[in-house]
Amino acid sequence: MKTKAAVAWQAGQPLTIETVDLEGPKFGEVLVEIKATGICHTDYYTLSGADPEGIFPAILGHEGAGIVVDVGPGVTTLKKGDHVIPLYTPECRQCKFCLSRKTNLCQLIRGTQGKGLMPDATSRFSLDGKPIFHYMGTSTFSNYTVAPEISLAKIREDAPFDKVCYIGCGVTTGIGAVIFTAKVEAGANVVVFGLGGIGLNVIQGAKMVGADKIIGVDLNPEREAMARQFGMTHFINPKTTENVVDAIVQLTDGGADYSFECIGNTQVMRQALECTHKGWGRSIIIGVAEAGAEISTRPFQLVTGRKWEGSAFGGARGRTDVPKIVDWYMEGKIDIDSLITHTMPLEDINKGFELMKRGESIRGVVIY
Ligand code: NAD
Ligand code: DAO
Ligand code: ZN
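Basis of the calculations
- Residues numbered from 1 in each chain as written.
- Chains lettered and ligands numbered in written order.
- Predicted model: local features only at pLDDT ≥ 70, side-chain atom pairs only at ≥ 80, totals over all residues.
- Heavy atoms only, no water.
- Helix = DSSP H or I, 4+ residues; strand = E, 2+ residues; numbered from the N terminus.
- Contact = heavy atoms within 4.5 Å.
- Pairing = 2+ DSSP bridges.
- Axes fitted to C-alpha atoms, helices over the stretch in contact; angles between N-to-C directions.
- Core = buried A, V, L, I, M, F, W, Y, C linked by side-chain atoms within 4.5 Å.
- Buried < 20%, exposed > 50% of the residue type's maximum accessible area, 1.4 Å probe, protein only.
- Donors = N, O, S within 2.8 Å, 3.2 Å for Na, K, Ca; no water.
- Tetrahedral: all angles 85-135°; square planar, octahedral: opposite > 155°, others 65-115°.
- Near = heavy atom within 4 Å.
- Polar contact = N/O pair within 3.5 Å; in protein donor to acceptor, adjacent residues only side chain to side chain.
- Areas by Shrake-Rupley, 256 points an atom, 1.4 Å probe, with all protein chains shown as cover.
- Nonpolar A, V, L, I, M, F, W, Y, C, P; charged D, E, K, R; others polar.
- UniProt positions renumbered as here; feature names shortened; annotations may be inferred.
- pLDDT = per-residue confidence, 0-100.
- Parallel < 35°, antiparallel > 145°, perpendicular 65-115°, else oblique.

> Is there a simple way to think about the environment of P86 in this case?
Tracing the backbone shows P86 in strand β5 (residues 83–86). Sequence separation between P86 and G137 is 51 residues; the distance between their C-alpha atoms is 8.1 Å. Every residue in contact with P86, bar those within four places of it in the chain, is listed here: I34, G64, A65, T138, T140, S151, L152 and G168.

Spelled out as C-alpha cells, the structure:
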C-alpha cells in the first residue's frame, strides 16, 4: 500500500512529506493506522545527527496512537479495529529481561529495532524500490505503520487519540519514573530538575502519590506557572539562586527523599544526586545526555547512602502498564490536555520541531 509519511533523509535536514510504499505485516506484525503522534526531543536528537544509533533515511516518531488495520500470521493478541499505542520499549513477556521482573527493558527485538528494521531484519517502508528505515520500532510520522505485536499496547476505544498519543512517551516516562521506578511514597519530598514535557509529568506523578514538597528547578521562568498548576510547591531558578543544592537542602530539612533529572545535563545530574538526603536519598536520571558524556560525584556521596539510578520509559511494562495510564487519564486522575500546547497537520511537522526547539511548546501533536 501507499502511505503519507514525513521522511528524514539525512541528519540536520528538515523532514519532507512523501508518499511511500508500505508492505503488509509479516509474521508477528501488525499494520496500524496512526491517528495522532507527538513530537518529542528524542526525534529531534536523532534528526540532528547527535544520536549515535541514528540511521537515515528513516521515518521517525515514537509517540503515537491509532487503530489496527490488519494483522500478520501468528498474531494472537490483537485484531482489526483494536485501538493501540505503539511502544518503543516492547514487552514480549518471554525474554530473560521480561521474565526477571526486575526491568522493563525487553530485549527480544532490541538488535533489529536498533538497526531500524523489523524482527526479520528487513524494512516494510520503501520509496522507488529503496528501503527507508523504521525508527524505534514505531515510525509514527507515517499515517500507516507496521509494528511488531509485542510493541503495541491495546487501549480502550473511547480514549481520544490526539491526547493519549502522549502516553506513548512523555506521560509514561515522567509519571512512571515516580510510580514504577522510584515508587515514591506519600509524604516524600521530591525535586524535579527540568520542567519540560517530562519534568511536568514527574510533578503530576509526585502529586498523584501524595508527595509533600515538590520542588521544581528550571532556567526558564515561564515554566513556573504550568508546573504550579501540576502540583509544584516551590520553584528554584538557578539563574537567581547562588547554590541550588544548598537551597534544596534547606527547604527539605537535610535533603530531598527523591530527585529526578529531566534535562540530560551531566552537571545538573550531580546536583540532583547531591541535593538528596544523607542515608536514603535516591536520584533518578531520566534525561539523555549527549553521546560519550560522563557523570561524576565524590564517592562518599554514595558511601553515605545516596543512590544514583536511571529510568527508561518510566520503568513501565508497556503492554501491561500503558492501558492503565490511559484509564487514569480517562478517569481524570491525570491531566494531558494542558500539556498539549500545539496541534498541526503532518505537513507542518517541521514547524512543530521549531516550536519545541525554541521552548515554546510543551508538546506539539500531529493529527492525521
Ligand atoms: P524539554 O526541553 O521540554 O525540557 C527540559 C527543561 O529543562 C526545559 O524547560 C529547560 O528550560 C530546562 N533546562 C535546561 N537546562 C537546564 C539547566 N541547566 N538547569 C535547569 N533547567 C534546565 O525536554 P523534555 O522533553 O522534558 O525531555 C527531557 C529529557 O528527557 C531529554 O533529555 C529527553 O531526551 C529525555 N527523555 C528520556 C526518556 C527516558 O525514557 N529516560 C524518555 C523521553 C525523553
Ligand atoms: O537498550 O534496551 C535498550 C533500549 C533502551 C531504550 C531506552 C530509551 C530511553 C531513552 C530514550 C528516550 C526515548 C524517547
Ligand atoms: Zn521481553
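> Just to check I follow, could you spell out the sheet that holds strand β7 (residues 130–132) for this structure?
Pairing between sheet strands relies on hydrogen bonds along the backbone, with the strands arranged either parallel or antiparallel. Within the open sheet, the four strands sit side by side as β1-β2-β6-β7. Their pairing is antiparallel. Edge positions in the sheet fall to β1 (2–7) and β7, since each has one partner strand and no second. Here the average twist between neighbouring strands, direction ignored, is 50°. Here β1 pairs with strand β2 (residues 16–22) via six bridges, running antiparallel. Residue pairing in the sheet places T3 in a bridge with V20 of β2.

> Looking at this structure, how should I read the nonpolar core?
Proteins that are soluble and globular tend to have nonpolar side chains buried together. Counting 83 residues, the largest nonpolar core has L15, F141, V164, I167, F260 and I349 as the members making the most contacts within it. Not counting chain neighbours up to four residues away, the residues in contact with L15 comprise A6, V7, A8, L47, L60, F141, I349, N350 and F353. Listed in part, the twelve residues of the second largest apolar core include V217, I248, V268 and C275.

> Looking at this structure, how should I read the coordination of the zinc ion (ligand 3)?
Note on metal sites: the ideal angle is 109.5 degrees for four tetrahedral donors, and 90 or 180 degrees for six octahedral donors. Within the first shell, the zinc ion (ligand 3) binds the protein through C92 (SG), C95 (SG), C98 (SG) and C106 (SG), at distances of 2.3 Å. In this structure, the zinc ion (ligand 3) is coordinated by four donor atoms arranged in tetrahedral fashion, with angles at the metal of 103 to 119°. Linear spacing of the donor residues for the zinc ion (ligand 3) on their chain is C-x2-C-x2-C-x7-C. By relative accessible area, which is 9% here, C95 ends up buried.

> Explanation requested: the site of ligand 2 in the structure shown.
Around ligand 2, the structure places T42, H62, Y88, Q107, R110, M136, C169, V288 and A312. Between an oxygen atom of ligand 2 and a side-chain N or O atom of Q107, the distance comes to 2.6 Å. Separating an oxygen atom of ligand 2 from a side-chain N or O atom of R110 is a distance of 2.8 Å. Burial of ligand 2 by the protein chains amounts to 70% of its free accessible area of 430 Å². Partitioning the shell around ligand 2 into residue classes produces five nonpolar, three polar and one charged.

> I would appreciate a short explanation of the UniProt feature "domain: Enoyl reductase (ER)" (unreviewed entry) in the chain in the present structure.
In the numbering adopted here, UniProt assigns the feature "domain: Enoyl reductase (ER)" (unreviewed entry) to residues 12–367. Secondary structure content for residues 12–367 is 27% helix and 22% strand, and the end C-alpha separation is 24 Å.

> Help me understand the confidence of the model for the chain in this model?
A residue-level look at the chain finds 100% of positions with pLDDT of 70 or above and a mean pLDDT of 97. Here the predicted complex scores 0.97 on pTM and 0.98 on ipTM.

> Honestly, the site of ligand 1 in this entry has me stumped. Any pointers?
Residues in close proximity to ligand 1 total 24 residues, the closest being I198, D218, I286, S311 and F313. When ligand 1 is considered free in solution it has 870 Å² of accessible area, and contact with the protein chains removes 83% of it. Of the residues belonging to the shell around ligand 1, the class tally is twelve nonpolar, ten polar and two charged.

> Where do I start with the packing of helix α1 (residues 41–48) against helix α12 (residues 349–357) in this structure?
For any two helices packed against each other, one specifies the inter-axial angle together with the distance between the axes. Running from N to C, α1 and α12 point in directions that differ by 105°, and their axes come no closer than 11 Å. Put simply, α1 runs roughly perpendicular to α12. Contacts from H41, D43, Y44 and L47 in α1 reach F353, M356 and K357 in α12. Its residues assigned to classes, the contact of α1 with α12 shows four nonpolar, one polar and two charged.

> Please explain the side chain of R282 as it appears in this structure.
Locating R282 in the fold gives a position in strand β14 (residues 282–285). Judged by relative accessible area, which is 18%, R282 ranks as buried. In this structure the side chain of R282 is engaged in a polar contact, spanning 3.0 Å, whose partner is the backbone oxygen of A182. A polar side-chain atom of R282 sits 2.6 Å from a polar atom in the side chain of E309. When sequence neighbours within four positions are dropped, the list of residues in contact with R282 reads T181, A182, D257, Y258, S259, T276, K307 and E309.

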